[in-house]
Amino acid sequence: MKSLRPLLRVTQLRTSTLLIPPTRSRYTQHQGVKGIRKRKSFYEAQIQAGMREQNEPTVVNTGGMGFLDDRAYDEVVGGAMRIRRDVAISQHVFILQPYIKWSAKRTTPNNVTPDDQLAEATALVHSLPNWQVARSLKVPLESLERTTLFGSGKLAEIKQLLTQLRQERQVSCLFVSKGTLSFAQKQFLEAEFQLPVLDRYSLVIQILRLHATSSEARLQVAMAELPYIWAQAKDASVTQIRRQGYSLSDMQKEILRSRERKLRAELEDVRRQRQLRRQKRKQLNYPTAAVVGYTNAGKTSLIKALTKEDALQPRNQLFATLDVTAHAGYLPCNLQIIYMDTVGFMSDLPTGLFECFVATLEDAMLADIIIHVQDLSHPCHAAQRAHVESTLRALALSVSGDNANSGELPPIVNVFNKSDLLKPNAQIAVLTQHENTNIGHLTSARNHTGLHSLLKDVEQKVLAVTGRRKLQVRVPSGGPEMAWLYKNAAVVETKADEQNAEKILMQVVISQCTLDQFMREFC
Ligand SMILES: Nc1nc2c(ncn2[C@@H]2O[C@H](COP(=O)(O)OP(=O)(O)OP(=O)(O)O)[C@@H](O)[C@H]2O)c(=O)[nH]1
Ligand SMILES: [Mg+2]
């Protein structure tokens with residue numbers, strides 16, 4: 001309680017407009033609620049100070065998902081995560097990038113430097129429109145678990161920096177680039193710096209909310225918020241309740257529980273629909289390739305280059321794609337293939353955040369092959385690659401279904417994208433390595449280079465894994481056999497039969513089962 005007072009006073013003075021909750025609803029009229037209820041007053045203070053938003057968030061037509069737009073819930077999530085529905089308001093962010101000094105205690109791979117971590121934190125902030133970085137600072141630490149996070153010297157230094165910064169320009173929030181801050185850490189830092197504090201989980205949720213336009217993505221993001229709120233409340237009760245009486249009110253707990261029930265039911269529905277669509281694709285016998293990779297590696301761009309589908313819109317933002325979508329293309333043998341675009345991965349995010357996307361990633365795990373797109377121009381390419389590979393292995397284990405073989409992954413094709421950004425020498429080095437080890441394909445989705453050899457490799461793997469073969473068949477020219485093969489198999493090429501003018505030679509790619517059907521019908 002004590003620590004909140006200065007916070008309240010200052011936030012009333014500041015023009016920070018972060019995270020003002022919408023008008024209060026009937027659910028929030030209860031009194032005597034402590035903890036997160038109390039912490040909400042931090043925001044209510046801003047409303048009382050006359051800083052109410054000009055434009056209240058418009059209610060989106062969510063069809064059967066109207067329950068997602070719940071103001072009482074918005075207050076709870078606003079209090080726990082410092083996020084809001086309307087992200088259009090400009091923010092000036094002070095980024096603090098903590099990193100562990102001693103390699104023994106580091107959880108980040110050794111080839112990822114604090115500068116790399118800070119660059120990713122900056123990219124996260126820039127993924128939100130009108131969010132700018134006011135200042136950033138790398139902070140060496142011995143542990144990330146202290147309640148105060150930083151030592152007293154660092155706290156004083158940051159405070160001084162903030163004072164200077166406030167004189168020069170605006171600062172509206174602090175982003176501590178750590179997966180999740182505990183309730184106690186967040187509360188301490190907010191009181192200390194008198195600014196709202198976000199961690200990576202809550203900032204990513206803010207980005208996901210912005211990019212989630214389909215019903216499915218909105219449900220998944222809504223679901224991903226709940227573990228964070230529960231964890232904060234639990235953390236609050238352990239660390240604070242005895243001393244200060246902080247906790248979620250029963251009413252708020254019920255709001256969360258009922259939301260979770262509805263979300264689970266809706267997501268189960270979504271999962272069933274996905275299963276049906278998957279079965280349909282299977283019946284149609286299209287091979288599928290799941291295109292996965294670290295966020296911003298160029299997955300959507302690659303699919304666009306391979307399918308020439310104009311509607312696909314790659315964006316230079318993290319987590320631009322949130323829906324798994326299917327796009328048809330052709331392999332060199334004329335076989336049609338479905339590419340599945342997927343949500344990108346990112347390290348240093350608690351697994352809970354992505355667990356909610358597992359339903360959609362199930363499609364990827366059950367594809368015939370996986371195309372792993374990597375941004376070769378990125379300084380952390382190797383670490384990003386390792387992160388995606390380990391996440392895929394974990395996902396494969398967690399996905400059980402149709403033909404998932406006890407955690408076995410489909411064959412993987414590695415794509416080293418953005419090669420146009422490499423210096424020619426580096427390109428040659430990768431090419432030589434590739435020729436020697438056959439580890440992947442050097443591509444530029446932007447310049448459409450390297451796609452042919454990639455497609456050849458994809459074709460070879462798809463034929464092998466789906467049991468299709470290339471065959472040459474001799475059929476009457478212009479006969480029903482020809483029409484049948486055009487309809488049911490991929491025709492690579494046709495040529496006249498030099499020995500028989502009435503026949504034609506067709507090279508086709510065909511599965512054993514389709515070949516059996518052909519034989520039954522015509523032989
Ligand atoms: N220079 C260069 N830029 C590329 C290439 N491929 C993609 N990009 C750019 O990289 C950014 C991200 O591309 P996307 O295709 O949206 O990446 P993504 O992997 O789908 O990203 P998420 O959906 O956010 O995970 C865009 O600005 C693209 O124009 C490439 O080969 N060369
Ligand atoms: Mg994408």
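Criteria and cut-off values
- Residues numbered from 1 in each chain as written.
- Chains lettered and ligands numbered in written order.
- Predicted model: local features only at pLDDT ≥ 70, side-chain atom pairs only at ≥ 80, totals over all residues.
- Heavy atoms only, no water.
- Helix = DSSP H or I, 4+ residues; strand = E, 2+ residues; numbered from the N terminus.
- Buried < 20%, exposed > 50% of the residue type's maximum accessible area, 1.4 Å probe, protein only.
- Contact = heavy atoms within 4.5 Å.
- Areas by Shrake-Rupley, 256 points an atom, 1.4 Å probe, with all protein chains shown as cover.
- Axes fitted to C-alpha atoms, helices over the stretch in contact; angles between N-to-C directions.
- Parallel < 35°, antiparallel > 145°, perpendicular 65-115°, else oblique.
- Left-handed = near helix turned anticlockwise from the far one by under 90°.
- Nonpolar A, V, L, I, M, F, W, Y, C, P; charged D, E, K, R; others polar.
- Near = heavy atom within 4 Å.
- Polar contact = N/O pair within 3.5 Å; in protein donor to acceptor, adjacent residues only side chain to side chain.
- Donors = N, O, S within 2.8 Å, 3.2 Å for Na, K, Ca; no water.
- Pairing = 2+ DSSP bridges.
- Core = buried A, V, L, I, M, F, W, Y, C linked by side-chain atoms within 4.5 Å.
- Domains from an automatic or database assignment.
- Salt bridge = Lys/Arg side-chain N within 4 Å of Asp/Glu carboxyl O.

Named according to an unreviewed UniProt entry, the protein is GTP-binding protein 6 originating from Drosophila hydei.

Chemist: If you had to explain the overall build of the protein to someone new, which residues and values would you point to?
Modeler: Assigned secondary structure in the protein consists of 17 helices and 13 strands. Taking all 523 residues of the protein together, the buried fraction comes to 52%. Within the protein, counting contacts between residues at least 6 apart in sequence, those at least 24 apart form 76% of the total. Accessible surface, the protein as shown: approximately 24200 Å² in total, 50% of it carbon and sulfur.

Chemist: An account of the packing of helix α16 (residues 480-488) against helix α17 (residues 512-522) is needed here, citing residue identities and associated values.
Modeler: One can describe the packing of α16 onto α17 by two numbers: an axis separation of 11 Å at closest approach and a directional angle of 160 degrees. As far as their axial angle goes, α17 and α16 are roughly antiparallel. Every pair of crossing elements has a handedness; the one defined by α16 and α17 is right-handed. Of α17, the residues touching α16 (which contributes P480, E481, W484, L485 and N488) are T514, Q517, F518, E521 and F522. Looking at the contact of α16 with α17 residue by residue, the class counts come to five nonpolar, three polar and two charged.

Chemist: Account for the site of ligand 1, naming residues and giving values.
Modeler: Taken together, 23 residues surround ligand 1, and among them K299, S301, A320, T321 and D420 come closest. The contact in question runs from a nitrogen atom of ligand 1 to an N or O atom on the side chain of N417, over 3.2 Å. Take A445: an N or O atom from its main chain is 2.9 Å from an oxygen atom of ligand 1. Burial of ligand 1 by the protein amounts to 94% of the accessible area it has alone, namely 650 Å².

Chemist: Could you give an account of the coordination of the magnesium ion (ligand 2), with specific residues and numbers?
Modeler: Those donors, T300 (OG1) and T321 (OG1), are the protein atoms that reach the magnesium ion (ligand 2), and they lie 2.0 to 2.1 Å from it. Taken together, the residues span a long stretch of sequence, with T300 in helix α10 (residues 299-307) and T321 in the loop between α10 and β6 (325-330) at a distance of 21 residues.

Chemist: Could you give an account of the packing of helix α3 (residues 71-81) against helix α7 (residues 200-211), with specific residues and numbers?
Modeler: Helix packing for two helices is described by the angle between their axes and how far apart those axes are. Direction vectors running N to C along α3 and α7 enclose 140 degrees, while the axes themselves pass 10 Å from each other. Accordingly, the angle class assigned to the pair α3 and α7 is oblique. Here α3 contributes Y73, D74, V77 and M81 to the contact with α7, which in turn contributes Y201, S202, I205 and R209. Grouping the amino acids of the contact of α3 with α7 by side-chain chemistry returns five nonpolar, one polar and two charged.

Chemist: Account for the sheet that holds strand β13 (residues 503-511), naming residues and giving values.
Modeler: What the three strands build is an open sheet, ordered β11-β13-β12; its pairing is antiparallel. Edge strands, defined here as strands with exactly one partner in the open sheet, are β11 (468-476) and β12 (490-496). Between one strand and the next, the sheet's axes are offset by a mean angle of 20 degrees, whatever the strand orientation. When β11 meets β13, the two strands line up antiparallel, connected through nine bridges. Residue R468 lies in a different strand from β13, and its bridge partner there is S511.

Chemist: Please give an account of unusual backbone geometry that cites residues and values.
Modeler: Most peptide bonds are trans, and most residues other than glycine sit at a negative phi. For K418, which is not glycine, the phi dihedral falls at a positive 65 degrees. By the element assignment, K418 lies in the loop between β9 (412-417) and α14 (424-437). Although it is not a glycine, H448 adopts a positive phi angle of roughly 60 degrees. With respect to the element layout, H448 can be found in the loop between β10 (441-442) and α15 (451-466).

Chemist: Tell me about the pairing of β12, and name the residues and values.
Modeler: Taken residue by residue, a regular strand's side chains alternate between the two faces of the sheet. For β12 and β13, the ladder comprises six bridges, and the chain directions are antiparallel. If you follow A490 over to β13, its bridge partner there is V509. In this structure, the hairpin formed by β12 and β13 is closed by a connection of six residues.

Chemist: Tell me what's going on with the nonpolar core, and back it up with residues and numbers.
Modeler: Ranked by internal contacts, the top residues of the largest apolar core, which has 68 residues, are L124, F175, F319, L322 and L353. Counting the residues that make up this core, at least three belong to each of domain 1 (4-261) and domain 2 (285-465). Aside from chain neighbours lying at most four places away, what touches F319 is L124, V204, I207, L208, H211, T295, G344, M346, L349 and F354. Counting residues in each nonpolar core, the second largest holds 27 residues, with A305, V415, L455 and L463 among its members.

Chemist: Tell me about the sheet that holds strand β2 (residues 131-141), residues and numbers included.
Modeler: Read from one edge to the other, the open sheet built from four strands follows the order β2-β1-β3-β4, with strand pairing classed as parallel. Unpaired on one side and paired on the other, β2 and β4 (197-198) mark the two borders of the sheet. Summarising the sheet, strand β1 (residues 91-100) and β2 pair through 10 bridges and their orientation is parallel. Following the sheet pairing, L96 is matched in β2 by L137. Those strands touched by helix α5 (residues 152-168) are β1 and β2, and its axis lies near 160 degrees from that of β2.

Chemist: Run through the pattern of salt bridges, naming residues and quoting values.
Modeler: Applying the stated rule across the entire model yields 16 salt bridges. Close ionic contact of E225 with R209 constitutes a salt bridge, the shortest N to O distance being 2.6 Å. Here E225 is found in helix α8 (residues 215-244), whereas its partner R209 is found in helix α7, with 16 residues between them in sequence. Residue classification places E225 among the buried residues on the basis of a relative accessible area of 2%. The partner of K470 in a salt bridge is E459, and the shortest N-O contact between them spans 3.4 Å. With K470 in strand β11 and E459 in helix α15, this residue pair connects regions lying 11 residues apart in the sequence. Assessed through its relative accessible area of 40%, K470 is described here as partly exposed. Each of E254, R257 and R261 takes part in salt bridges that share partners, so that together they form one network.

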